[in-house]
Amino acid sequence: QVQLVESGGGLVQPGGSLRLSCVASGFTFSFSSYTMSWYRQAPGKERELVATVTIAGTSTNYADSVKGRFTISRDNAKNTVYLQMNSLKPEDTAVYYCNAVVSGTYFRREYWGQGTQVTVSS
């Protein structure tokens, strides 16, 4: 059974930092085969892509709203993906979800974690 377990969320003041972690288990393929991403969903809004890291960790992409403040990384030996969030703003408040995707010529599989709440408030 595939599990993506997020942790590291919480309440932080504007300008503060948090580091989210997502530990994966139960994958059919090795963790290194999965493109890993973080999404977020704020109340009343659609879920949006925050950041993505490729299978080798050599390429990353970010939403414009978090560029220069957030950093996504992965440790394939620990089956873990991270999201370092700095200079947090109230508009970063959301539930943050870990996402894993693996695809081949004839298949695509996608998995989601349960989410971790991040609240930025003074």
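Given the structure is predicted, the values throughout are model-derived calculations rather than measurements.

*Asks:* Got a minute to help me understand the sheet that holds strand E7 (residues 70-75) in this structure?
*Replies:* To summarise the sheet geometry, strands pair through backbone hydrogen bonds and adopt either a parallel or an antiparallel arrangement. Here we have four strands laid out as an open sheet, ordered E1-E3-E8-E7, and antiparallel in their pairing. The open sheet is flanked by strand E1 (3-7) and E7, the only strands paired with a single partner. The average angle at which neighbouring strand axes cross in this sheet is 15°, direction not considered.

*Asks:* I tried to follow the packing of aromatic side chains on my own but got confused; where do I start?
*Replies:* When we look at a pair of aromatic rings, we describe it by the centre distance and by the angle of the planes. In this structure the tally under the stated criterion is six aromatic pairs. Consider the rings of Phe27 and Tyr34, whose centres lie 3.8 Å apart with planes at 15°: the pair is stacked. Classification of Phe27 by relative accessible area gives buried; the value is 14%. Classification of Tyr34 by relative accessible area gives buried; the value is 0%. Each ring, one from Phe27 and one from Tyr111, has its centre 5.8 Å from the other, and the planes form 35°; the classification is tilted. Residue Phe27 is found in the loop between strand E3 (18-25) and strand E4 (35-41), and its partner Tyr111 is found in strand E10 (residues 108-112); the two are separated by 84 residues along the sequence. Connected via pairs of aromatic rings, a cluster forms that spans Phe27, Phe31, Tyr34 and Tyr111. Arg19 extends its terminal NZ or CZ atom over the ring of Tyr82, reaching a point 3.9 Å from the ring centre.

Rules behind the numbers
- Residues numbered from 1 in each chain as written.
- Predicted model: local features only at pLDDT ≥ 70, side-chain atom pairs only at ≥ 80, totals over all residues.
- Heavy atoms only, no water.
- Pairing = 2+ DSSP bridges.
- Helix = DSSP H or I, 4+ residues; strand = E, 2+ residues; numbered from the N terminus.
- Axes fitted to C-alpha atoms, helices over the stretch in contact; angles between N-to-C directions.
- Phe/Tyr/Trp six-rings, centres within 6.5 Å; stacked < 30°, edge-to-face > 60°.
- Buried < 20%, exposed > 50% of the residue type's maximum accessible area, 1.4 Å probe, protein only.
- Lys NZ or Arg CZ within 6 Å of the ring centre and 35° of its normal.

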